[in-house]
2 protein chains.
Amino acid sequence: MGNKTERYSRQKEEIYRILRNTNTHPVAEWIHKQAKRKISRLSLGTVYRNLNHLCQKGEIKKFTFGTQLEHYEGNIKPHQHFVCKRCGRIFDFFLDVNEEILAKTKKLRKFRVEEVEVEFRGTCFDCRMTSK
Amino acid sequence: MGNKTERYSRQKEEIYRILRNTNTHPVAEWIHKQAKRKISRLSLGTVYRNLNHLCQKGEIKKFTFGTQLEHYEGNIKPHQHFVCKRCGRIFDFFLDVNEEILAKTKKLRKFRVEEVEVEFRGTCFDCRMTSK
DNA sequence: ATAGGTGCAAATGTTTTGCTGTCAA
DNA sequence: TTGACAGCAAAACATTTGCACCTAT
């Protein structure tokens, strides 16, 4: 009880579709711009509201990546992020480490650890070439 | 060249001292309040400026922890963070995993991985007791 | 004497929210 | 019919910045 009955809307559908179809980690503004190509009157407030709904339902995820802005991601399969310290670009890594790390928390009786996020920082290929 | 000569200031000293002497992960506002007990005219802008300087020098670290605010930490020894999904409190973990994870990135020739951050989410002891 | 730091207040920029109208169920 | 959702604009809020003054070096 207390939970609202969720209702369909073109806006939410489109926002979710855009997020599922990119492997980037866009901010609200970018999603807004993309979605307006189909729904020209779409407001930024609606984008934020839907992004928050989708986060709460666990259908998308939200990250800061050391910037001041929230970045959103439609791929919720476990993976890691790499942030280039020079160009700021974000890359997905798919290393087989999350389960191992979680296993190490099993002995911590005081905490029920449910999720783990791993974020790497360093220099990407392009930036290494540019000023070795 | 291009680098400014850093200069001593009571304000920076006090901010850094406060951060070294807590094992919490405070926000700028809290640090400001603490520091004003010694430097009553200290402004919030100065707190932010010094926190940013200290971050750039690598003497402190900055995290978002899924909130809208920046949290600062004076302990830069490698460790992990646990965020309770119910009460939002942040705990330090000292598991021996960072090096292992970094080792797994050595095969990635395209990226020079320099740092790793591990963040856990789940339920803390108190919250588990409160509403099992 | 010079330039880095401070305090103050205004500006910036992202995200949230109140309100009114619309539309899915 | 009704209440969840949209659009719009204003508000909220954390953080940054411009400026005049202060102070470490």
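Position labels on residues start from 1 in each chain and follow its written sequence. Numbering of ligands from 1 and lettering of chains from A proceed in the order in which they are written. The model is predicted, so local features are restricted to residues of pLDDT at least 70 and side-chain atom pairs to those at 80 or more, both for listing and for counting; the totals for chains, interfaces and linings are taken over all residues. Side-chain measures were taken over the full set of non-hydrogen atoms in the model, leaving aside hydrogen atoms and water.

### Things to note about the relation of the copies chain B and chain A
Mapping between the two copies of the chain is achieved by a rotation about an axis and a shift along the axis. With an RMSD of 0.1 Å, the fit of chain B onto chain A corresponds to turning through 180° and sliding 0.0 Å along the axis. Given the turn and translation reported, the copies of this chain are related as if by a two-fold rotation axis. Nearest to the rotation axis, the C-alpha of B:Val118 is located 2.4 Å from it, this being the minimum over chain B. Pairs of residues are marked as contacts when any of their non-hydrogen atoms sit within 4.5 Å. Looking at the interface residues of chain B, 100% of them are also at the interface in chain A, so both copies use one shared face. The least-squares superposition of copies is restricted to C-alpha atoms, and to residues with a pLDDT of at least 70 in both copies.

### A short note on the sheet that holds strand β5 (residues 112-123) of chain A
Two strands qualify as a pair provided that DSSP identifies no fewer than 2 bridges between them. Every helix listed is a DSSP run of H or I at least four residues long, and every strand listed is a run of E at least two residues long, numbered separately from the N terminus. Pairing is mixed across the open sheet formed by six strands, whose spatial order is β4(A)-β3(A)-β5(A)-β5(B)-β3(B)-β4(B). Both outer strands of the open sheet, β4 (90-93) of chain A together with β4 (90-93) of chain B, are each paired with one neighbouring strand and no more. Each adjacent strand pair in this sheet contributes to an overall mean axis angle of 25°, direction not counted. Each axis is a line fitted through C-alpha atoms, taken for helices only over the stretch in contact, and angles between the N-to-C directions span 0 to 180 degrees.

### Observations regarding the protein's contact with DNA strand C
As a matter of local geometry, DNA strand C sits amid 22 residues, with A:Tyr48, B:Arg7, B:Ser9, B:Arg41 and B:Thr46 nearest to it. We define proximity as follows: a residue is near a molecule or strand when any one of its heavy atoms falls within 4 Å of that partner. Within 4 Å of the protein, atoms of DNA strand C come from sugar and phosphate in 70% of cases. For the purposes of these results, a polar contact is taken to be a pair of N or O atoms within 3.5 Å, where, inside protein, one atom must be able to donate a hydrogen and its partner to accept one; residues adjacent in sequence count only when each atom of the pair is a side-chain atom. B:Arg7 places a side-chain nitrogen or oxygen 3.1 Å from a base nitrogen of DNA strand C. Note that a phosphate oxygen of DNA strand C is positioned 2.4 Å from one of the side-chain N or O atoms of B:Arg41.

### As for the nonpolar core
Grouped together as the largest cluster of nonpolar side chains are 28 residues, with contacts concentrated most on A:Phe120 and B:Phe120. Listed by contribution, the elements that provide at least two residues to this core are β3 (80-84), α4 (98-103) and β5 of chain A together with β3 (80-84), α4 (98-103) and β5 (112-123) of chain B. When residues no more than four places from it in sequence are discounted, the contact partners of B:Phe120 are A:Ile101, A:Leu102, A:Thr105, A:Val113, A:Glu115, A:Val116, B:Gln80, B:His81, B:Phe82, B:Val83, B:Phe93 and B:Leu95. The set of buried Ala, Val, Leu, Ile, Met, Phe, Trp, Tyr and Cys residues whose side-chain atoms join them within 4.5 Å is what this entry labels a nonpolar core. Classification of residues uses two cut-offs on accessible area relative to the type maximum, computed with a 1.4 Å probe and protein chains only: under 20% is buried, over 50% is exposed, and between them is partly exposed.

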